[in-house]
Amino acid sequence: MTLSTEKKVWTDEEFMALSRDGHRYELVDGEVLDMGNSGMEHGGIGSLLGGLLAIYVKQHKLGIVCDSSTAFTLKTGNKRSPDVSFVAKDRLKGLKRPPRGFFQGSPDLAVEILSPSNTIEEIHDKIVEYFDNDTRLVWVIHPDEKYVLVYHSPEPDRFLRPGDHLDGEDIVPGFSMAVSELFEDWDF
């Protein structure tokens, strides 16, 4: 849903002030897009993956993991918010803490969890933009179909099923988890 048809340049402060109502927004081609709410399954997968990744990254001092409330300012001025993201420590040199505003550039790893409202075109556009801004790895998680697509460029090159492992490769060296963990039924 487009909130504004008038294109303007948004300051970080103005853009961050939009999220007070609990919605998530992205800025694409000067338009503020309401990303809506995605539901518990989406949030649960994002929290599980983000939590495991964050613990691993912190233990190994590899960088920082962020959630979906974090927007990245890209070369075009667009502000994109992956569901989970990772920025490597070499890109954070000189910083003692995360910026209060938005990170200038894309994450090294961007994770998108498909929601029923996502379109193929929308996800493809995000993936293209991530790679145009030096993202090195994208994972697209499909909760309904229980698979993960792995991208090193705007075209997927790996299709992972529940019997496979998600691998951080050289972007998050040593990180691995079973894809099945993302889709497990509760046992409580």
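Let me begin by describing the structure that accompanies this report. All residue numbers refer to positions counted from 1 along the written sequence of the respective chain. Reporting in this predicted model follows two pLDDT cut-offs: at least 70 for local features of residues, and 80 or more for side-chain atom pairs to be given and counted; totals over whole chains, interfaces and linings ignore these cut-offs and use all residues. Water and hydrogen atoms play no part in the side-chain values, which are based on all heavy atoms of the structure.

**Some points on the overall build of the protein**
Our working definition: Strands here are runs of E lasting at least two residues and helices are runs of H or I lasting at least four, both read from the DSSP assignment and numbered beginning at the N terminus. Note on exposure labels: buried denotes an accessible area under 20% of the residue type's maximum, exposed denotes more than 50%, and partly exposed covers the range between, all computed with a 1.4 Å probe on protein chains only. For this analysis, residues touch if any pair of their heavy atoms sits within 4.5 Å. For every accessible area listed, the method is Shrake-Rupley and the probe measures 1.4 Å; residues are considered covered only by the protein chains on display.
Looking only at helices and strands, the protein has three helices and 13 strands in total. Taken across its 188 residues, the protein has 45% of its residues classed as buried. Counted over contacts in the protein with a minimum sequence separation of 6, partners at least 24 positions apart contribute 54%. For the protein, the accessible surface area stands at approximately 10500 Å², while carbon and sulfur atoms represent 52% of it.

**A few points about the pattern of salt bridges**
What counts is decided by this rule: Each salt bridge in this description consists of a side-chain nitrogen of Lys or Arg and a carboxyl oxygen of Asp or Glu lying within 4 Å of one another.
What the rule picks out here adds up to four salt bridges. Where R80 meets E129, a salt bridge forms, and the shortest distance between an N and an O atom there is 2.8 Å. Of this pair, R80 sits in strand β5 (residues 79–80) while E129 is found in helix α3 (residues 120–132), placing the two residues 49 residues apart along the sequence. On the basis of relative accessibility, which here comes to 8%, the residue E129 falls in the buried class. Ionic pairing is found between R91 and D108, a salt bridge with its closest N-O pair at 3.1 Å. Taken as a pair, R91 in the loop between β6 (84–88) and β7 (103–104) and D108 in the loop between β7 and β8 (109–113) lie far apart in primary sequence, 17 residues in all. Several salt bridges share partner residues, and in doing so they unite R91, D108 and R136 into one network.

**Notes on the nonpolar core**
Heads up, the condition is: Working definition of a nonpolar core: buried Ala, Val, Leu, Ile, Met, Phe, Trp, Tyr and Cys residues. They are joined through side-chain atoms within 4.5 Å.
Counting residues in hydrophobic clusters, the biggest one holds 27 residues, and the most contacted among them are W139 and V172. Secondary structure elements with two or more residues in this core: α2 (40–59), β6, β8, β9 (137–142) and β10 (147–151). When residues no more than four places from it in sequence are discounted, the contact partners of V172 are L53, Y56, V57, L62, F86 and L109. Counting 10 residues, the second largest nonpolar core, distinct from the first, contains I123, Y130, V140 and L149.

**Some words on a negative patch on the surface**
For the record, the criterion: Two distance rules govern patches: like charges are joined within 9 Å, and nonpolar side chains (Val, Leu, Ile, Met, Phe, Trp, Tyr) within 5 Å, applied only to residues with over 30% relative accessible area and no salt bridge. This count recognises Lys and Arg as positive and Asp and Glu as negative, with His and chain-terminal groups excluded. Where a charge lies is defined by one atom per residue type: Lys uses NZ, Arg uses CZ, Asp uses CG and Glu uses CD.
A contiguous patch of negative charge on the surface is contributed by E181, E184, D185 and D187. Of note, E181 is situated in the segment after β13 (176–178). Accessibility expressed as a relative area gives 32% for E181, which makes it partly exposed.

**Some words on the pairing of β6**
Rule in force here: Strands are labelled as partners when DSSP assigns at least two bridges between them.
Among the five residues in β6, five count as buried, and that is most of the element. Along β6, one buried face is formed by V84, F86 and A88 and the opposite face, lined by S85 and V87, is buried too. Pairing of β6 with β8, which is carried by three bridges, proceeds in the antiparallel orientation. Note on β8: the bridge partner recorded for S85 is A110.

Bear in mind that shape data such as this cannot, by itself, settle questions of function.
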